[in-house]
Amino acid sequence: MTASNPLTIEEIGLIKGLTRRGNLTQQAVIAHFSHPSRTVSHNLVSQIARGVSYSSDIAYPPASEAACDFFLQRAKDGLVDECLLSLVAVASNRRADPDVYSFAYFYHPVGQGLFCSGRFSRPHQQPFRWVYDCGTDLGRRGVKRGEHVHREIARLASEQAGDPPHLDLVTLSHFDEDHLSGILDLVGTFTIGTLLLPYLTPWHRLEIALIEGAAVGDDLLDFLAEPTAFLLERAEGRIERIVLVPASGDGPALPPLLGPDESPPEGRAPEGEPEIEIKAEPAKGEPDDAAGADGGLSDPKVSVLVRGGTITVGRAWEFLPYNDAIFAKSADAAFRAKAQPLADQLRRSTPAAARKTALDTLLALYDVTFKKGAKVTPFERNVITLFLYSGPIGRVALLDIVDQIPRHRLKPIAVSPYRYWEHNRFGQFLTGDGYLKTPAQWASFETFYGAQRLSRGGIFQVMHHGSAKNWHKGIAAKLDPQVSVFCSDPASKHGHPDWDVLKDFSGYNPKQVDYCHGWAVEGNYRFL
């Protein structure tokens, strides 16, 4: 199916099922799939009925008798809105099919922040649940800082019956106070299978602490001093493993476990085969590097992803992180000699007064050495961001898909997807607050992910709320997404998304996620 096709795979299946029943004329079938803003060609329905178009029942399976009956009843009751209600029902029935895989993405309405969750289900297995970022919103009049994030965490937890609820994968894209606060809220609510973090050198973590103005007694300072040690201690056994993602460097990532023309072995996975496969190695100690080493790296729960390595679930779905660690001021030997004893005083075992003195001295040293009175730019805060691709592997075909706009305190709005979904383009790129500003940044990103993953990435979260400082003109056409998502508060002082960025993505089905409106999509697919 191409983006210009007026029918979804699900609608094609319903046309096949209805015309094969023999008790409906083609004209009656056409009437069910037409409305004032869209008329389905009589010839197209005839071609589908005669097997001339979309003849493969594997790629385009006919709807079952039960699905057709349900559709006709909804139509009789006047409840079918562009087939969406029936598609939701048929999609739900499909999940009982042992050959059907399902997925869902949910962009939570938290305003000027990013909180994305997802679910992947395969036959005979519990859903694999994941979260990318949990950025605390900045608050607004009458709303406390972080209130929307707390609400969405509670909503996500309510989807599971277990106590505590569980997330299989959580990704923290970058290090700042708001993102850390959200992750700590998650850790306090869920158990976590794998926590994915960008790896930064001790010196770079110290630099972020100085730029962000971390203070003695703040979680952020303690976290940046020893990220893995801090999180393992705070989690109190609720995190099973931490995987650090090093700089992705030059060249492509490792290929998927299945090529674009391959399918996984039939039947259930053998007993003992891991649900999640992570290409990682044991973590090694790190030099102090003028900033103090992370003692948590010696914990067996901590590992380091191999360069370009994937996280694969059920040999059917993959996650591929990209750490564009290109920015760090060079700390020479003279600076390190002065900074290291001060950094050693930032340990939590040191008295608070001594820690404050050491931090104040470090700030002054940093200003003299690097800033020289210049204001630290947002670029220096956000350029280290962990991008994350997620999507299917192997030869797949989308069976049905429905998207909607969840609204705070209101019923969700159903959105007809027939105009833009292609049969294998339902992967997703999450970019956080990252940068694709320069030709070099784009070239590195493009080379790392490669043509196969880029072609399957139909959903693209636009960088840093749609800020023009993270974008360059024409990148939307290079990415060619089927959906572009802006997570921002347009009424805030930042005014994101910037007009030029929104204009660039205007032809790529933009979705605005803010304090009141989210965006969600759910679909089913099979291997061919």
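1. Thoughts on the overall build of the protein chain
In terms of helices and strands, the protein chain carries 16 helices and 19 strands. The burial tally for the protein chain puts 55% of its 528 residues in the buried class. Taking as baseline every contact in the protein chain between residues at least 6 positions apart, the subset at least 24 positions apart corresponds to 78%. On the protein chain, roughly 21900 Å² of surface is accessible, and the fraction owed to carbon and sulfur atoms is 53%.

2. Some thoughts on the environment of Tyr515
Turning to its location among the elements, Tyr515 is positioned in the loop between strand 18 (510-513) and strand 19 (519-527). Put simply, Tyr515 and Cys487 are 28 residues apart on the chain and 9.3 Å apart in space, counted from C-alpha to C-alpha.

3. Looking at helix 14 (residues 439-456)
The terminal C-alpha atoms of helix 14 lie 22 Å apart, and with 18 residues this falls more than 12% below the ideal 26 Å at 1.5 Å per residue. Along helix 14, the sharpest kink reaches roughly 95°, centred on Gly450. Every buried residue of helix 14 is listed here: Gln441, Trp442, Phe445, Phe448, Tyr449, Arg453, Leu454 and Arg456.

4. Examining the pairing of strand 6 (residues 239-245)
A large share of strand 6 lies buried, amounting to five of its seven residues. Across three bridges, strand 6 lies against strand 9 (residues 302-305) in parallel orientation. Its bridge partner lying in strand 9, Val243 is registered against Ser303.

5. Structural notes on unusual backbone geometry
Not every positive phi belongs to a glycine, and Asp133 is a case in point at roughly 60°. Within the fold, Asp133 resides in strand 3 (residues 128-134). We note that Asn509 has phi near 50°; this positive angle belongs to a residue other than glycine. On the secondary structure map, Asn509 appears in the loop between helix 16 (499-504) and strand 18.

6. Topic: the nonpolar core
Core analysis: the largest hydrophobic core is formed by 54 residues, its most contacted members being Val170, Leu186, Leu195, Phe223, Leu231, Ile239 and Ile242. If near-sequence neighbours (up to four positions away) are discounted, Leu186 is found in contact with Val131, Cys134, Ile153, Leu167 and Val170.

7. Some points on the sheet that holds strand 10 (residues 311-313)
With mixed pairing, the eight strands of this open sheet are ordered in space as 7-10-11-12-15-16-17-18. The open sheet terminates on both sides in strands that have one partner only, identified here as strand 7 (276-278) and strand 18. Taken pair by pair, the neighbouring strands of this sheet meet at an average axis angle of 15°, ignoring direction. By the bridge criterion, three bridges tie strand 16 (residues 459-461) to strand 17 (residues 483-487) in an arrangement that is parallel. Among the inter-strand pairings, Gln461 is bridged to a residue of strand 17, identified as Val485. Sheet strands in contact with helix 14 are strand 11 (317-323), strand 12 (386-392) and strand 15 (428-430), and its direction is about 175° off that of strand 11.

8. Quick look at the pattern of salt bridges
This model, assessed by the stated rule, comprises 11 salt bridges. A salt bridge links Arg155 to Glu152, with the nearest nitrogen and oxygen atoms 3.4 Å apart. Pair noted here: Arg155 and Glu152 are both in helix 6 (residues 147-157), with a separation of three residues, about one helical turn. On the accessibility criterion, Arg155 (27% relative accessible area) is partly exposed. Accessibility expressed as a relative area gives 0% for Glu152, which makes it buried. As a salt-bridge pair, Asp219 and Arg234 come within 2.8 Å of each other at their nearest N and O atoms. Residue Asp219 is found in helix 9 (residues 219-225), and its partner Arg234 is found in helix 10 (residues 227-235); the two are separated by 15 residues along the sequence.

9. Examining the environment of Val131
Along the chain, Val131 turns up in strand 3. Overall, Val131 belongs to the buried group, its relative accessible area being 1%. Note: C-alpha distance between Val131 and Gly118 (13 residues apart in sequence) is 6.3 Å.

10. A word on the pairing of strand 2 (residues 115-121)
Counting buried residues in strand 2 gives six out of seven residues, a clear majority hidden from the surface. Note that strand 1 (residues 101-107) and strand 2 share six bridges and pair antiparallel. Looking at the pairing, Phe103 lines up with Phe120 of strand 2. In the sheet, strand 2 pairs with strand 3 via six bridges, with the strands oriented antiparallel. Along strand 3, the bridge assignment pairs Ser117 with Val131. Taking the residues that link successive antiparallel strands as the turn, the strand 2-strand 3 hairpin has six residues, and the phi of His124 there is positive, at about 70°.

Conventions we followed
- Residues numbered from 1 in each chain as written.
- Predicted model: local features only at pLDDT ≥ 70, side-chain atom pairs only at ≥ 80, totals over all residues.
- Heavy atoms only, no water.
- Helix = DSSP H or I, 4+ residues; strand = E, 2+ residues; numbered from the N terminus.
- Buried < 20%, exposed > 50% of the residue type's maximum accessible area, 1.4 Å probe, protein only.
- Contact = heavy atoms within 4.5 Å.
- Areas by Shrake-Rupley, 256 points an atom, 1.4 Å probe, with all protein chains shown as cover.
- Expected span 1.5 Å × (residues − 1).
- Bend = angle between axes of the 7 residues up to and from the residue.
- Pairing = 2+ DSSP bridges.
- Core = buried A, V, L, I, M, F, W, Y, C linked by side-chain atoms within 4.5 Å.
- Axes fitted to C-alpha atoms, helices over the stretch in contact; angles between N-to-C directions.
- Salt bridge = Lys/Arg side-chain N within 4 Å of Asp/Glu carboxyl O.

None of the figures reported here should be taken as evidence of function without further support.
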